[in-house]
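Listed below, chain by chain, are the residues.
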Amino acid sequence: MLISGARTTNQNKNFKPLFIGFGKQALEYARVLKSLNIKINSVCISNLKRNKNNLRKYEIVHIYQDIRRAISEKKYNCVFIFLPWYLIEKKIIYILKNTNKRIFCEKPIALSLKSLSKINKLSNRYNKKLYILYNRRYYNIHFFLKKKINKNSSIKAFIPEKINLTLKKIDKKLKGKIKYHLTSHWIDFFTSVTNKKIIKVKKNKNLYIFSLSGKKNLITVAPNFPGKITAEFKSNNYIYRLNSLENLQVIDLKKNKIIKKIDEFGYNKFKPGVLNLIKSVISNKKILLPETKDLINLYKALSTLPF
């Protein structure tokens, strides 16, 4: 299911996001909005000089350096949080308390189960809609699998989490937090597409085996193993084989051949999932992104991992 474009020009005009942060991830969303002829209403950043070219490129209407002012002036109708990984859980509480608009937050929403539980309680107390931007829930592959997989389907997935490379390329201070920043997103793809819950985590040598509800449903997380994320879903007479989350093969077991291939990068020129996500939000479709309450069980399982 490929989500169609925004229904009317008026819907586009009525979409007035406030971006808190304007780094790499924010720019992926900015590119999509520009393609839909939507201007970003407001941006809150700490460094004007470093961001001046992009602020000009995307014709930002209102620019702030003070998050309190950006929130209080209410020139927006939704909030997108694109802060660095280590700042999100520090700022989200203030934002939750001081806006009644929908909030879409980049991962990691929290860096511990304790912090996630605190944010979840506040979200419930203030009756706020807080969504975490797990954009892979908006992959066309995700939509396809969601339609094909049923309660009797089985899954075996393998996630090689490149710990050392991540610490080197992103931030060495991520040590011990990669599970919330990256691993959470990979596992959420599989639990959300299958509607299966994590029931236990077991260590086997250097591997971490996540058992899901049902029979023989396993996700193996392998720290510092080479390769890409792979998976096989078995359903009736078909195998759905993922060679990375962006490439899917459908194998007909009776014919013993590949009958369909899906390349996520082939759908559009933007970061996979983001265009579908934005169009869904604009057109007021049901939001497929998880809220904090949806991540409690996942964070409990992740808290057993050392990385």
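Here the structure is a predicted model, which is why all the values come from computation and not from measurement. (Residues numbered from 1 in each chain as written. Predicted model: local features only at pLDDT ≥ 70, side-chain atom pairs only at ≥ 80, totals over all residues. Heavy atoms only, no water.)

J.: Quick rundown of the environment of S72? Include the residues and the values.
T.: Topologically, S72 is positioned in helix α4 (residues 67-72). Between the C-alpha atoms of S72 and N135, which are 63 residues apart in sequence, the distance is 28 Å. (Helix = DSSP H or I, 4+ residues; strand = E, 2+ residues; numbered from the N terminus.)

J.: Tell me about unusual backbone geometry, and please be specific about residues and values.
T.: Between K107 and P108 the backbone carries a cis peptide bond, its omega angle lying at -5°. With respect to the helices and strands, P108 occurs in the loop between β5 (102-105) and α6 (113-125). A positive phi angle, close to 50°, is found at E59, a residue other than glycine. Examined against the element boundaries, E59 turns out to sit in the loop between α3 (48-57) and β3 (62-64). For E59, a relative accessible area of 42% corresponds to the partly exposed category. Look at N195: it is not a glycine, yet its phi comes out positive at around 60°. Its location among the elements puts N195 in the loop between α9 (178-194) and β8 (198-204). By relative accessible area, N195 is classed as exposed at 61%. (Buried < 20%, exposed > 50% of the residue type's maximum accessible area, 1.4 Å probe, protein only.)

J.: Describe the side chain of N51, and please don't skip the residues or the numbers.
T.: Take N51: it is sitting in helix α3. With a relative accessible area of 9%, N51 lands in the buried category. Non-local contacts of N51, meaning those with residues more than four positions away in its chain, are made with F22 and I45. (Contact = heavy atoms within 4.5 Å.)

J.: If you had to explain the environment of Y58 to someone new, which residues and values would you point to?
T.: Summarising the element assignment, Y58 is placed in the loop between α3 and β3. Judged by its relative accessible area of 7%, Y58 is buried. Sequence-wise, Y58 and V221 are 163 residues apart; in three dimensions their C-alpha atoms are separated by 39 Å. Beyond its immediate stretch of four places on either side in the chain, Y58 contacts F22, L27, A30, R31 and K34.

J.: Describe in detail the side chain of H185, supporting the description with residues and values.
T.: One can find H185 in helix α9. By relative accessible area, which is 1% here, H185 ends up buried. Those residues in contact with H185 that sit more than four places away from it in its chain are K107, L133, Y134, N135 and R136.

J.: How would you sum up a positive patch on the surface? Please name residues and give values.
T.: The grouping of K97, K114, K118, K121 and R125 at the surface amounts to a positive patch. If you tally residues by element for the positive patch, the top one is α6, at 4 residues. As for its position among the elements, K114 is in helix α6. Under the relative-accessibility criterion, K114 is labelled exposed at 73%. (Patch = residues over 30% accessible without salt bridge, like charges linked within 9 Å, V, L, I, M, F, W, Y side chains within 5 Å. Areas by Shrake-Rupley, 256 points an atom, 1.4 Å probe, with all protein chains shown as cover. Salt bridge = Lys/Arg side-chain N within 4 Å of Asp/Glu carboxyl O. Lys, Arg positive; Asp, Glu negative; His and termini not counted. Charge placed at Lys NZ, Arg CZ, Asp CG, Glu CD.)

J.: Explain the nonpolar core to me, using residue names and the numbers behind them.
T.: If you look at the biggest cluster of nonpolar residues, it comprises 70 residues, and the most contacted ones within it are I92, I109, L145, F190, F210, F233 and L242. Top contributing element to this core by residue count: α9, with 8 residues. Those residues within four positions of L242 in sequence are excluded, and the remaining contacts are I141, L145, F189, F190, I229, T230, A231, F233, N247 and L248. Residues L33, V43, F143 and I282 belong to the second largest nonpolar core, which totals 34 residues. (Core = buried A, V, L, I, M, F, W, Y, C linked by side-chain atoms within 4.5 Å.)

J.: So, the environment of I251: which residues are in play, and what are the values?
T.: By the secondary structure assignment, I251 is in strand β13 (residues 247-252). As for I251 and Y240, which are separated by 11 residues in sequence, their C-alpha atoms are 6.3 Å apart. With residues near it in sequence (within four places) discarded, I251 still touches N237, Y238, I239, R241, K257 and I258.

J.: Go over the packing of α6 against helix α11 (residues 292-302), please, and point to the residues and values.
T.: Closest axis-to-axis distance for the α6/α11 pair is 10 Å, and the angle between their directions is 165°. Classified by the interaxial angle, the pair formed by α6 and α11 is roughly antiparallel. The two elements α6 and α11 meet at a crossing, and its hand is left-handed. Side by side, α6 and α11 meet where L113, L116, S117, I119, N120 and S123 of the first sit next to T292, K293, L295, I296, Y299 and K300 of the second. Residue composition of the contact of α6 with α11, grouped by class: 6 nonpolar, 4 polar and 2 charged. (Axes fitted to C-alpha atoms, helices over the stretch in contact; angles between N-to-C directions. Parallel < 35°, antiparallel > 145°, perpendicular 65-115°, else oblique. Left-handed = near helix turned anticlockwise from the far one by under 90°. Nonpolar A, V, L, I, M, F, W, Y, C, P; charged D, E, K, R; others polar.)

J.: Give me the lowdown on the sheet that holds strand β6 (residues 130-132), citing residues and values where you can.
T.: Here we have 6 strands laid out as an open sheet, ordered β3-β2-β1-β4-β5-β6, and parallel in their pairing. Both outer strands of the open sheet, β3 and β6, are each paired with one neighbouring strand and no more. Strand after strand, the sheet turns through a mean of 15° between neighbouring axes, direction not considered. Sheet topology note: the strand β1 (residues 17-20)/strand β2 (residues 42-44) ladder contains 3 bridges and is parallel. Following the sheet pairing, F19 is matched in β2 by V43. In this fold helix α5 (residues 88-98) packs onto β1, β4 (78-81), β5 and β6, with an angle of close to 175° to the strand it touches most, β5. (Pairing = 2+ DSSP bridges.)

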